[in-house]
Amino acid sequence: MRVSYRWLKDYVDIKASPEELAQKLTMTGFEVEKIERPGEKYKNFVTGIVLETRKHPNADKLTLCKVDVGSQTLNIVCGAPNVSPGQAVAVGLVGAQVPRNQHDPAGAPFVLSQVKIRGEESFGMICSAYELDLGDDRDGIMILPKGTATGTTLSDYLGLSDTILEIGITPNRPDAMSHIGIAREVGAIYNKKVKIPKLKLRESKRPAAKFGAIKILDSGLCPRYTARLVYGVTIGPSPKWLQEYLTSIGVRPVNNVVDVTNFVLMEMGHPLHAFDYDKLNEGMIVVKPAKDGEEFTTLDHKLRRLTSSTLMICDAKGPVAIAGVMGGAFTEISDTTKNILIESAYFNPQSIRRTSKRLGLSTEASQRFERGADLHATQWAADRAAQLIQEITGGEILKGVIDVFPGKKKSITVPLRPEKANEVLGTGLSGKQIQSLLRKINITKAAGRSKSGSSNVLYAIPSYRVDLLQEIDLVEEVARMYGYDSIETNNDTRISFSSHAPAKDTVSELKDWLIGSGYSEVVSNSMQEKEFSRLGSEEAVEIANPISKDMATLRTSLIVSMVQVIRNNILYGKKNLRLFEVGKIYRRDKTGASVVPGYREENRLTMAMVGLRRKASWDVSPQVIDIYDLKGELQTLFRKIFLDNIKFIPYSNTKALTSMGFDVEINGIDVGYAGIVRKDFRAKFDIDEEIVIAELNVDLLLQNSSLKKTFKPLPKYPSVTRDIAFKINENITADQLKNEIAGAAGPMLVQIDLFDIYRGDQVKAGEKSLAFALEFMSEDHTLRQDEVDRIMKEVISRVSRNLSGTLRE
């Protein structure tokens with residue numbers, strides 16, 4: 001939005017420079033994207049008067065002129081045929097840059113200098129409208145009105161001695177799309193009172209209600225419609241001050257009535273429209289939706305096809321304007337207009353946005369209505385326009401305002417807790433300080449207190465602040481008024497963790513983690529063939545009236561249905577798979593401890609991996625997924641849900657569905673198993689690829705998980721890493737050796753990783769070598785060499801004593 005610095009000073013006393021003001025506005029959320037000074041274009045141009053002329057002695061088409069420019073009289077050679085004594089003219093002095101060169105095909109600008117033309121000195125230039133970029137007339141000089149003061153800078157004469165701020169207004173701040181809206185912000189920044197124009201209407205005795213009427217047929221789309229009638233206006237050009245204000249911000253002057261409605265729009269932000277009252281049938285305004293397929297010609301003289309979702313302003317016979325977007329050509333203000341009806345209404349933002357987008361028609365009015373206008377500003381805007389029109393045109397304001405307001409809205413209050421504001425902003429503001437900051441932008445403490453908490457304070461929201469609906473909105477206002485640059489940046493941040501999370505949240509986290517790790521979720525049927533159900537358990541639950549043989553029992557394991565899903569994917573060419581399912585399994589129960597006597601159901605998690613861990617590339621060979629990949633995934637998953645004290649116990653061929661795997665124990669409780677799906681079972685589904693799969697009891701996982709979260713700061717001291725390798729009996733597992741090392745090393749051991757297993761000539765038959773990387777760290781000091789040596793000696797001694805292991809040199 002373009003804001004005139006000069007216009008802005010009408011509403012708030014500004015002594016700051018435009019640059020300082022731009023910086024302050026930007027820091028409160030209104031980014032000033034550009035600062036323009038239109039008058040700089042006419043630097044070194046002044047008004048002058050031609051005192052005398054005579055023919056150039058050496059050129060028939062040139063004239064020697066003496067021109068008074070106020071401070072001096074200049075000799076200027078002029079080539080225009082219409083120059084003569086007594087004319088007021090625009091003069092470019094030596095050093096001025098002429099915007100357009102009429103002798104250059106491209107019209108490129110050029111700088112004036114003192115020159116000798118055909119033997120005569122010339123100290124400037126009398127300019128044409130084309131050369132000044134004020135019109136297309138290049139045949140003669142631009143002649144100014146008689147009485148123009150001599151020596152006035154051309155920028156002052158043209159009303160361009162102003163500074164324009166180009167401000168980026170965010171969509172949630174329609175109240176700031178006006179000069180008064182920005183003035184409120186400037187007043188808050190500099191603690192200045194905003195001067196709202198006072199209304200002084202001189203109404204006639206004739207009542208407006210006798211000559212006009214308003215009907216709203218859809219109050220949801222138009223909650224309020226206000227109108228003023230002004231009779232006996234004289235249409236003509238606007239006064240110079242009004243034209244200058246509008247042109248400074250890029251609005252083209254049209255006539256005095258239209259210019260006033262545009263002025264009020266840019267002044268206080270509420271869109272208005274002026275109708276030629278005599279062209280309104282029966283002086284009636286009817287607000288109602290259009291008919292599908294109805295056509296209407298707008299002010300731009302384009303025919304628009306409407307739908308039933310388009311809200312229209314109509315008279316007694318038909319439509320006269322598209323509500324909130326654009327008026328109609330038939331009722332526009334013309335030179336013959338004598339009586340006018342000023343429309344000042346509020347329209348539903350969603351309706352205007354939908355209409356504007358469908359018609360591809362965005363106007364200054366629609367941009368404000370679709371963001372949310374001030375419902376309570378309609379009468380003020382109509383009165384302000386009526387007052388200015390009367391002052392400029394001498395019209396008669398009929399007595400009273402016609403105001404239809406079917407569903408009056410109550411004032412809005414929003415609660416704010418001081419401690420919440422300080423928590424979000426990282427400040428230590430008191431309640432009184434917060435109230436003082438909000439008072440700067442007319443947000444005041446309301447009567448009463450919020451029911452949701454004793455510390456809450458209710459604040460009354462001005463009707464023009466349609467963006468303030470929640471507590472966090474007020475927190476943002478506190479931050480803006482306090483100053484973003486005044487909020488300290490702390491290196492330390494307080495983090496609050498919940499001590500308990502519901503089980504359903506943990507299951508959701510479990511699924512999110514699996515999906516984030518590249519797994520796809522499977523949802524399969526809980527009924528399956530009796531043969532497959534009995535592979536999971538002999539206690540299969542049979543269905544009394546199965547619809548088919550394939551659905552004769554409830555499943556006792558998720559593995560069978562997962563293998564079926566894998567078979568279908570392989571048939572469609574998908575051979576590299578990572579799948580999971582969380583679902584229920586069902587079994588008969590003889591313990592009597594279940595909810596439904598004789599039956600038990602459990603929540604299970606199945607994870608399956610098939611195919612390649614890594615595809616072949618120019619520098620690597622393809623790598624096939626194995627059981628250790630799945631073990632690593634399980635370890636990461638358990639860390640995610642805070643599980644510890646985990647054991648993986650190997651087995652060979654004791655499972656009906658899998659072989660060469662391991663049972664999973666947590667805190668000594670069996671929670672499931674993992675392995676490779678048996679070859680004979682895969683053959684039933686014609687699957688040649690190995691399937692690595694795990695099935696876990698979700699309920700037991702969650703019961704044993706430590707959901708209490710704790711925070712530990714990052715380490716302050718460096719770690720020390722040592723490698724060690726032991727030769728041990730082949731029957732001793734890596735976990736056994738790892739546990740012995742950890743027990744001997746104590747709390748300073750923060751990480752232990754197996755990185756090598758060796759069987760060969762350098763160890764005896766029946767033995768193997770296991771190598772580990774050990775990482776040590778202290779929380780209160782930097783570890784010394786002798787401390788680590790002492791720990792390593794204890795590790796070697798314990799492994800030798802408990803496992804008969806020897807250090808491999």
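Data block above holds the structure.
This is a predicted model, so every value here is computed, not measured.

(A) Just the environment of Phe662, in detail. Its place among the elements puts Phe662 in strand β38 (residues 658-666). Judged by its relative accessible area of 7%, Phe662 falls in the buried class. Between the C-alpha atom of Phe662 and that of Val50, which follows or precedes it by 612 residues, the distance is 107 Å. Leave out the neighbours within four places in its chain, and Phe662 touches Ile627, Lys631, Leu634, Phe648, Ile649, Pro650, Tyr651, Tyr673 and Ala674.

(B) Examining the sheet that holds strand β39 (residues 669-677) more closely. If you walk across this open sheet you meet the seven strands as β30-β33-β34-β40-β39-β38-β37, and the pairing is mixed. One side of each edge strand has no neighbouring strand; the edge strands of this open sheet are β30 (520-521) and β37 (646-651). Alignment of β37 against β38, held across six bridges, turns out to be antiparallel. Within β38, the residue paired with Phe648 across the bridge is Val664. Sheet strands in contact with helix α15 (residues 559-571) are β33 (577-588), β34 (599-610), β38, β39 and β40 (691-697), and its direction is about 145° off that of β33.

(C) The sheet that holds strand β44 (residues 806-807), seen in detail. Taken together, the four strands give an open sheet; going across it, the order is β42-β43-β41-β44, and neighbouring strands pair in antiparallel fashion. Each having just a single partner strand, β42 (749-758) and β44 make up the two edges of the open sheet. Note: strand β41 (residues 720-729) against strand β43 (residues 767-776), 10 bridges, orientation antiparallel. Within the sheet, the bridge partner assigned to Val720 lies in β43 and is Phe776. Strands β41, β42 and β43 of the sheet are contacted by helix α19 (residues 734-745), whose axis makes an angle of about 40° with β43.

(D) Examining empty space enclosed by the protein more closely. For the structure on display, the rule yields two cavities of 30 Å³ or more. In this structure, the second largest cavity occupies an estimated 40 Å³ of space. Along its surface, the second largest cavity is lined by Arg173, Asp175, Gly181, Arg184, Glu185, Ile441, Tyr464 and Arg465. Looking at the lining of the second largest cavity residue by residue, the class counts come to two nonpolar, one polar and five charged.

(E) Here's a closer look at the pattern of salt bridges. Overall, the coordinates contain 46 salt bridges when judged by the stated rule. Put simply, Arg417 and Glu471 hold a salt bridge, and the shortest N to O gap is 2.7 Å. Taken together, the residues Arg417 in the loop between β27 (412-416) and α10 (418-425) and Glu471 in helix α12 (residues 471-482) connect sequence positions 54 residues apart. Across the pair Arg613 and Asp629 runs a salt bridge whose closest N-O atoms are separated by 2.7 Å.

(F) Looking closely at helix α7 (residues 349-359). Buried within α7 we find Pro349, Ser351, Ile352, Thr355, Ser356 and Leu359. When α7 is viewed along its axis, its buried side chains cluster within an angular range of 160° and face the same direction. Buried residues in α7 make contact with β20 (303-305), β21 (311-314), β22 (319-322), β24 (340-346) and α8 (364-369). You can read the cap of α7 off the contacts: a side-chain oxygen lies 3.0 Å from the backbone nitrogen of Gln350, and it is on Asn348.

Each value, and the rule that gives it
- Residues numbered from 1 in each chain as written.
- Predicted model: local features only at pLDDT ≥ 70, side-chain atom pairs only at ≥ 80, totals over all residues.
- Heavy atoms only, no water.
- Helix = DSSP H or I, 4+ residues; strand = E, 2+ residues; numbered from the N terminus.
- Buried < 20%, exposed > 50% of the residue type's maximum accessible area, 1.4 Å probe, protein only.
- Contact = heavy atoms within 4.5 Å.
- Pairing = 2+ DSSP bridges.
- Axes fitted to C-alpha atoms, helices over the stretch in contact; angles between N-to-C directions.
- 1 Å grid on protein atoms, 1.4 Å probe; cavity = no way out; pocket = protein on both sides within 12 Å on 5 of 7 lines; lining within 4 Å.
- Points joined across faces, edges and corners; volume = space filled by probe spheres on them.
- Nonpolar A, V, L, I, M, F, W, Y, C, P; charged D, E, K, R; others polar.
- Salt bridge = Lys/Arg side-chain N within 4 Å of Asp/Glu carboxyl O.
- Arc of directions from axis to C-beta.
- Polar contact = N/O pair within 3.5 Å; in protein donor to acceptor, adjacent residues only side chain to side chain.

Keep in mind these numbers describe shape, not what the thing actually does.
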